[in-house]
Amino acid sequence: MMGGIFFRHVLRDISVSTAAVAVVLLVVLVTYQLAFVLGRAADGQISSDIVLPLVGLSMRGNLVIILPFAVLLGTTLGLGRLYHDSEITAAQACGVRTRLLYGAAGVVTVVAALLAAWTGFVDGPGAARRLAQMRTESLRTALSRGLAPGQFRSLGSGVTLHFRAQDADGALREVFVERDLPPAADGRQRLQVMLAASARYSLVADRGYYLVDLADGESHEGTPGSGDWRVTHFRQQSLRIPAPDAALPGRPRVDALTLRELRASPDPRFNAELHWRVAWVLITVVLGVVAVPLARLRPRQGRHGRVVWAVLLFAVYAGLISAGRTMLERGETPRLLGLWWAHAAALLLAAAVLLWP
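Quantities reported herein were computed from a predicted structural model and do not represent experimental measurements. (Residues numbered from 1 in each chain as written. Predicted model: local features only at pLDDT ≥ 70, side-chain atom pairs only at ≥ 80, totals over all residues. Heavy atoms only, no water.)

## Thoughts on the packing of aromatic side chains
In step 1: Evaluated as defined, the whole model comprises 4 aromatic pairs.
In step 2: Ring geometry for Phe69 versus Phe314: centroids 4.8 Å apart, planes at 45°, classification tilted. Here Phe69 is found in helix H2 (residues 51-84), whereas its partner Phe314 is found in helix H7 (residues 307-330), with 245 residues between them in sequence. An identical accessibility class is assigned to Phe69 and Phe314; each is buried.
In step 3: For the pair Trp280 and Phe314, a centre-to-centre distance of 6.4 Å together with 45° between the ring planes defines the contact as tilted. Pair noted here: Trp280 is in helix H6 (residues 268-294) and Phe314 is in helix H7, with a separation of 34 residues, a long-range link. Per residue, the accessibility class of Trp280 equals that of Phe314, and both read buried. (Phe/Tyr/Trp six-rings, centres within 6.5 Å; stacked < 30°, edge-to-face > 60°. Helix = DSSP H or I, 4+ residues; strand = E, 2+ residues; numbered from the N terminus. Buried < 20%, exposed > 50% of the residue type's maximum accessible area, 1.4 Å probe, protein only.)

## Points about unusual backbone geometry
In step 1: At Glu174, a residue that is not glycine, the phi angle is positive and equals roughly 50°.
In step 2: Topologically, Glu174 is positioned in strand S3 (residues 172-181).
In step 3: With a phi angle near 55°, Asp216 is a residue other than glycine that sits in the positive phi range.
In step 4: Checked against the element boundaries, Asp216 lands in strand S5 (residues 209-222).

## Observations regarding the nonpolar core
In step 1: Counting 32 residues, the largest nonpolar core has Leu72, Trp280, Leu287, Phe314, Tyr317 and Ile321 as the members making the most contacts within it.
In step 2: When contributions to this core are tallied by element, the ones reaching two or more residues are helix H1 (2-42), H2, H6, H7 and helix H8 (340-355).
In step 3: With 11 residues, the single largest contributor to this core is H6.
In step 4: Residue contacts for Leu287: discarding those within four places in its chain leaves Pro68, Leu72, Leu313, Phe314 and Tyr317.
In step 5: Listed in part, the 17 residues of the second largest apolar core include Ile14, Leu82, Ala104 and Ala295. (Core = buried A, V, L, I, M, F, W, Y, C linked by side-chain atoms within 4.5 Å. Contact = heavy atoms within 4.5 Å.)

## Observations regarding the side chain of Thr109
In step 1: Structurally, Thr109 can be placed in helix H4 (residues 99-140).
In step 2: Thr109 gets classed as buried once you look at its relative accessible area, which sits at 5%.
In step 3: Setting aside residues no more than four positions away along its own chain, Thr109 makes contact with Val71, Thr284, Val285 and Gly288.

## Things to note about the packing of H6 against H7
In step 1: Running from N to C, H6 and H7 point in directions that differ by 165°, and their axes come no closer than 10 Å. The pairing of H6 with H7 is recorded here as roughly antiparallel in orientation. H6 and H7 meet at a crossing whose hand is right-handed.
In step 2: Looking at side-chain class alone, the contact of H6 with H7 contains 18 nonpolar, 3 polar and 4 charged residues. (Axes fitted to C-alpha atoms, helices over the stretch in contact; angles between N-to-C directions. Parallel < 35°, antiparallel > 145°, perpendicular 65-115°, else oblique. Left-handed = near helix turned anticlockwise from the far one by under 90°. Nonpolar A, V, L, I, M, F, W, Y, C, P; charged D, E, K, R; others polar.)

## Quick notes on the environment of Leu328
In step 1: The topology assignment puts Leu328 in helix H7.
In step 2: According to the relative accessible area criterion, Leu328 is buried, its value standing at 3%.
In step 3: Taking the C-alpha atoms as reference points, Leu328 and Leu339, separated by 11 residues in sequence, lie 8.4 Å from one another.
In step 4: Filtering out sequence-adjacent residues up to four positions away, Leu328 remains in contact with Pro268, Asn271, Ala272, His275, Thr333, Pro334, Gly338 and Leu339.

And the structure:
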């Protein structure tokens, strides 16, 4: 009976500490991501409408890195308080065994490991794919954002747009459009210049072109430097401008690939990504188990006396995995070895910390 009550007491302390650490880390991550995305929006690289969705998708992709550290630090802080207040000492004097501490920490660790696995293999890649899609779409629509009255703006495909004013509903006033036409039979350049009282523009995303609707204007087609120009008047005319193909800078992302795609390819980058996802699940389990003996305090030692060791252990562990991933991508490590050596090295380091006099 007493063991069950104390188990729930320990489980509550570890769970609350782990959740608190995770929330703090998420707040720090969201703050950093928000500042970064707002900077991109201020430069006109992305639309302000997708700032918060981008932050949310980035947070979902990075949650797998937060969980192991939250489990390690939360367990260390939770058990550290119990050791500092002599609650564990009193419980052990009444016959409560140490395995109860491992059981309480194991429950939190298993939940965190399952969440890390779901994030790393299911939700994270889905969020990465959606993030890349939104950023690519933002690049495609970048040409039509930030249109300002009195400025000549290139829309691609040899089209230049200028207007004097813009109404509150988005309609453009006193519009000038210049477009390159196919060369004449003798190879000379041909242009089309359109002047309109008003215009509206939009992006037809599923067909990949801008649609500019001009109203009450005239069109001039001809060759610069010659008198052979054709002038027509119109009440309504639509102009289709192919939207530019957009691609994200750098190499193609691998964090958006599914597990089947990673296993089917012999590419070292794919293999490194697969081991990287598995590694963060294993880190959560390893650190959750190591945190129990790591949290043990000596008499009169401060309740946060083991926090420095926990932070150091996680920093070294994460550094080993990051270095191992780089070596896998370069083909410097055998495919079968993967990142298992990093886990072994981290366990040896943890044992050295625990056995340190």
